[in-house]
Every structure is written in C-alpha cells, then in structure tokens.
Amino acid sequence: MASEERDGDHLLQLHPEEIGQNDAQLPGEIERCTGLSYNDFFWRYMHKNFPVIITDVSNDWECQKWTVLQASRDLNSNTSASSINFDYLKTRIPNCPVPVADCNSSYFNSHTKLELNLHDYLDKWRSSIENQSSASQEVNSNVDTTSRDNLYLKDWHLAAQMPGYNFYKVPKYFASDWLNEQLIDQKKDDYRFVYMGPKNSWTSYHADVFGSFSWSTNIVGLKKWLIMPPGEELKLNDRLGNPPFSIDEKMLDEHNVRYYTINQRANEAVFVPSGWFHQVWNLSDTISINHNWFNACNIAMVWQNLRNNLKAVCKEISDCQQMDNFEAHCQTMLRASFGINYLDFIELLEFIATRRLAEKTAATKFLLFDSYRKNDYHVQYDLECLRMVTRTLTEDPTVQRSPLRLDERCRQLLARLEF
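The structure presented is a predicted model; accordingly, all values stated were derived computationally and were not measured.

Here is what the cut-offs are and how they apply
Residues numbered from 1 in each chain as written. Predicted model: local features only at pLDDT ≥ 70, side-chain atom pairs only at ≥ 80, totals over all residues. Heavy atoms only, no water. Pairing = 2+ DSSP bridges. Helix = DSSP H or I, 4+ residues; strand = E, 2+ residues; numbered from the N terminus. Axes fitted to C-alpha atoms, helices over the stretch in contact; angles between N-to-C directions. Salt bridge = Lys/Arg side-chain N within 4 Å of Asp/Glu carboxyl O. Buried < 20%, exposed > 50% of the residue type's maximum accessible area, 1.4 Å probe, protein only. Contact = heavy atoms within 4.5 Å. Polar contact = N/O pair within 3.5 Å; in protein donor to acceptor, adjacent residues only side chain to side chain. pLDDT = per-residue confidence, 0-100. Phe/Tyr/Trp six-rings, centres within 6.5 Å; stacked < 30°, edge-to-face > 60°. Lys NZ or Arg CZ within 6 Å of the ring centre and 35° of its normal.

### With respect to the sheet that holds strand 15 (residues 278-282)
- Pairing is antiparallel in the open sheet, where 4 strands are placed in the order 10-15-12-13. Each edge of the open sheet carries a strand with a single partner, namely strand 10 (202-206) and strand 13 (260-264). Strand-to-strand, the axes of this sheet are offset by a mean angle of 15°, without reference to chain direction.
- Where strand 10 and strand 15 come together, 3 bridges link them in antiparallel fashion. Note that in strand 15 the partner of Trp202 across the bridge is Trp281.

### Here we look at the pattern of salt bridges
- Enumeration according to the criterion identifies 23 salt bridges in this entry.
- The partner of Arg356 in a salt bridge is Glu359, with the nearest N and O atoms 3.3 Å apart. You can see Arg356 and its partner Glu359 sitting in helix 9 (residues 342-361), 3 residues apart, about one turn around the helix. The two residues Arg356 and Glu359 agree in class, both being buried.

### Describing the pairing of strand 16 (residues 286-293)
- Most of strand 16 is tucked away, with 8 of its 8 residues classed as buried.
- Direction of pairing for strand 9 (residues 192-197) relative to strand 16: antiparallel, over a ladder of 6 bridges. Bridge assignment links Arg192 to a residue of strand 16, and that residue is His291.
- Where strand 11 (residues 213-220) lies against strand 16, 7 bridges are found, and the strand directions are antiparallel. Residue pairing for strand 16: Ser214 is matched across the bridge by Asn292.

### Looking at the environment of Ser274
- Looking at the secondary structure, you find Ser274 in the loop between strand 14 (268-272) and strand 15.
- C-alpha separation for the pair Ser274 and Ala363, spaced 89 residues apart in sequence, amounts to 33 Å.
- If we skip the residues at most four places from it in the chain, Ser274 touches Asn49, Gly211, Ser212, Phe213, Pro230, Asn298 and Met301.
- In terms of polar contacts, Ser274 uses its side chain to reach the side chain of Asn298, at 2.8 Å.

### What about the sheet that holds strand 9?
- Ordered by their spatial adjacency, 9 strands build an open sheet running 2-3-14-11-16-9-8-6-7, and the pairing between neighbours is mixed. Strands at the two margins of the open sheet, each flanked by one partner only, are strand 2 (32-33) and strand 7 (111-117).
- Bridge analysis of strand 6 (residues 97-106) against strand 8 (residues 151-156) gives 3 bridges, and the strand direction is antiparallel. Pairing of Val100 across the sheet is with Leu153, part of strand 8.

### What about the confidence of the model for the protein?
- The predicted model of the protein has a mean per-residue pLDDT of 91, with 90% of residues at 70 or higher.
- Per-residue pLDDT stays below 50 along residues 1-8; that stretch engages in 13 contacts with residues further than four places along the chain or on separate chains.
- Ignoring residues within four places in sequence, the model shows residues 74-79, a span with pLDDT below 50, making 3 contacts including any to other chains.

### Some points on unusual backbone geometry
- Located in the positive-phi region is Asp155, a residue other than glycine, with phi close to 55°.
- Exposure remark for Asp155: the relative accessible area of 34% places this residue in the partly exposed category.
- Although it is not a glycine, Asp370 adopts a positive phi angle of roughly 60°.
- Take Asp370: its relative accessible area is 67%, and that puts it in the exposed class.

### Brief notes about the pairing of strand 12 (residues 223-227)
- Among the 5 residues that make up strand 12, 5 are buried, leaving the element largely enclosed by the rest of the structure.
- Taking every second residue as pointing to the same face, both faces of strand 12 are buried, with Lys223, Trp225 and Ile227 on one and Lys224 and Leu226 on the other.
- Of the pairings in the sheet, the one linking strand 12 to strand 13 comprises 5 bridges and is antiparallel in character. For Lys223, the partnering residue across the bridge sits in strand 13 and is Gln264.
- Bridging between strand 12 and strand 15 involves 5 bridges; their strand directions are antiparallel. Opposite Lys224, over in strand 15, you have Trp281 as the bridge partner.

### Remarks on the packing of aromatic side chains
- In this structure the tally under the stated criterion is 32 aromatic pairs.
- Taking the centre distance of 6.4 Å and the plane angle of 50° together, the rings of Tyr168 and Trp215 count as tilted. On the criterion of sequence distance, the pair formed by Tyr168 in the loop between helix 4 (158-161) and helix 5 (178-185) and Trp215 in strand 11 is long-range, its members being 47 residues apart.
- With relative accessibility at 12%, the residue Tyr168 sits in the buried group.
- On the basis of relative accessibility, which here comes to 0%, the residue Trp215 falls in the buried class.
- Arranged with centres 5.1 Å apart and planes meeting at 55°, the rings of Phe213 and Trp293 form a pair that is tilted. In this pair, Phe213 sits in strand 11 while Trp293 sits in strand 16, placing the two residues 80 residues apart along the sequence.
- On the basis of relative accessible area, Trp293 is assigned to the buried category, the value being 0%.
- Its guanidinium or amino end placed over the ring of Trp281, Lys224 lies 5.5 Å from that ring's centre, counting from NZ or CZ.

Now the structure itself:
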C-alpha cells in the first residue's frame, strides 16, 4: 500500500496513525497549509477536532467564472482584485427563488428570513455596489450608509437544484462525508450550500447543525472568523443557559474566552471541527461554497448531541409524560428541532454500514462526489467506528424500549459489523 497520495489516484489514502497519540493540546494559532496530504489532514486536524485553513483548493472550479478581475483604483498600484461577475451568474443560473437573510433585522434570535428571485437579489447587490462607489466619490455625500440593505443569500441548495451544473469540486479532505453520501444517494435534502453576500453581511454566533463538521471555501472576498474550542462557549451563556446572538472580541476578552481569529482569503477553505462555536463577517463582497458533514471521526459526537437534545425535548414537555405515545412525540419534536431523530440516525448507520461492508468484500469502491474512492484501510476504519457507535446505541435506554424495535435493528446491525 502506498504511503503517499499520488496525483490522479482519486483515492482517499488513509494509513495507520503516525502522529503522536498524546499530541492533543490546542494549537497556539490556526495553521494555514498548502499541499497538505489527505492522511495528514485526517490525523492532524479532523481526527483531533482541530481547525485548519487549506489554501489553493478552488483553482479549477467552474465557479471561478462567477468572478472577474478588476484593476485597482490606486494609480500607483499594479495589483488587481476579483469582483462579482453578475452578468455571468444571471446567464448561467435561472431566476429561481433563493433564501435570503436580512442582516439588519433579527427575529427570535435569528436574522429575519425572506425569499427573493436570484436575479432580483443580484440586481439589488450590484446597484448597492454602484451607489456606494458613487457616494465615495462625492466629497460632501450625505448618504446614510447604515440605512442600506444588508441582504445575505444563505443556505442555498444550488448543487441539488441544478445537479447538472458542476460548479465546484469537493476537496479531497472533505470527501468522507457520511451525511451527504446518504442524502444524495436517496435524493433527500442535502447539506451543500452556496453563500453570497455584500460587505458587512454576517452570520450570527452558532455551532454547526448536529455538532457536525463544516467546511467553507471562499470563491471571492475576505471573511473574518471568531472561533472557539468546545467548552469555551459556556462562558458566554446567560443565567438561563442561552447563548448570545452576536459576539465580538471585547465580549470574549471580558469573559476570558479562549478564541482564534481567522482572516480567510479567496481560494482558501476553512475546516470547522465539531462543537467549535463561531461567528463570521464578510469584510468584502463575498461568495463561498459550504458543506455540513460528519463521518467516522465525529460520529460519536453527533450521537451524543442527539442524546442531549432528546433529553432537552423530554424536559421541555415533561408535564405531558402521562400522555399516550409520549416518547414518540418526543422523537417527532426531536426531528423538528434537531433535524434528525433516533430512527433517522440508525437508518444512516445502516446505509453507511451496507456500503462499507460491500466495499470490504469487493474490488470496486463506491464513488464519492463523482471523484473519490476510499482505500482498504479507510473502509476498515469506518467499519470499526460504526461498530463502536452501534454498540453504544444498544446500551441506550430509549433505544431499548422503543416501540419501533430500534434495539432489534441495532443488534442486527452490530451482528453484521462484528465479523
């Protein structure tokens, strides 16, 4: 078995860990890496649940055409920068409805949501840029910059909406994606997103759905991140345990929070580990591609988050414990609030297990994101992690007493995995 990944292999080459087992302390700063191997990313960052910035990931993506080089206005500078190619976007993508957040308005601790047609959104954005440019050239301009729209196109499922439009490629580092592997195969809602927003648009303080990993690649623009290790977020909760809607350095310093600042440039991907709370600002007009995902490295964390959220749901409606089908109601509420429930989670484990067991006994591996296959060690690692988390499920009281016979399904799955 080769020890290094070769160009053109399209294999996710994973090998036994060569990094020291005790090398788990938090980094002094978040590293920026070029030419990182898949194996090093897996053990140094993903397996340790540490963030990293990976450069030069989107050089050959079609969505680079969504940008256009623009000469600097500084006559003494020979540099150029990219801006949004609005005409190309409108030519390439139909005028479909898109989800938009109003960053100047909040509703129940979230930005107000609305829906616009894509071309209308792009026209508003371009008009705002032109108006700002005109205002900046007027010495005595009375334009109130705070009154401008601040609309952020977020969580747009463009890849699912236009499956024939291959506008980006999932970087090899993020291709071991159990969540989207199942959802795409079964043609369900996915967690692949496009974000587009003007300068000063932002995403509020949060940790990612399910306690998943996320990755975000800037196509154009500059983002600023404030990100903190798991546990640090507790220092910011109010007396009821509620997190703030927005954070800044002053707040973090006042609460002695350990945090990192990332200035993400174009063509860079930020890997966000499980449970790392963060807030992100667009320091310029920005477009990014983003995924939420999980795999063998953090499946145990996702399971723990699922259990904790069920406990919270049961506590919320504890006064209804005597009602018929109380636990079924809790599972329904869990799916509504968390995104998945116990049945969904077990079905995902069954799906991944079926594929990995087939890969273990066959020469052909499943193609991930139309580009990658896992080597034999990677498949074996996935199976071992599936076995461990399934064994944990069989010990869970909710699984054991479920009328849906979840315990039986877990034991059947465990029997398949304990070969």
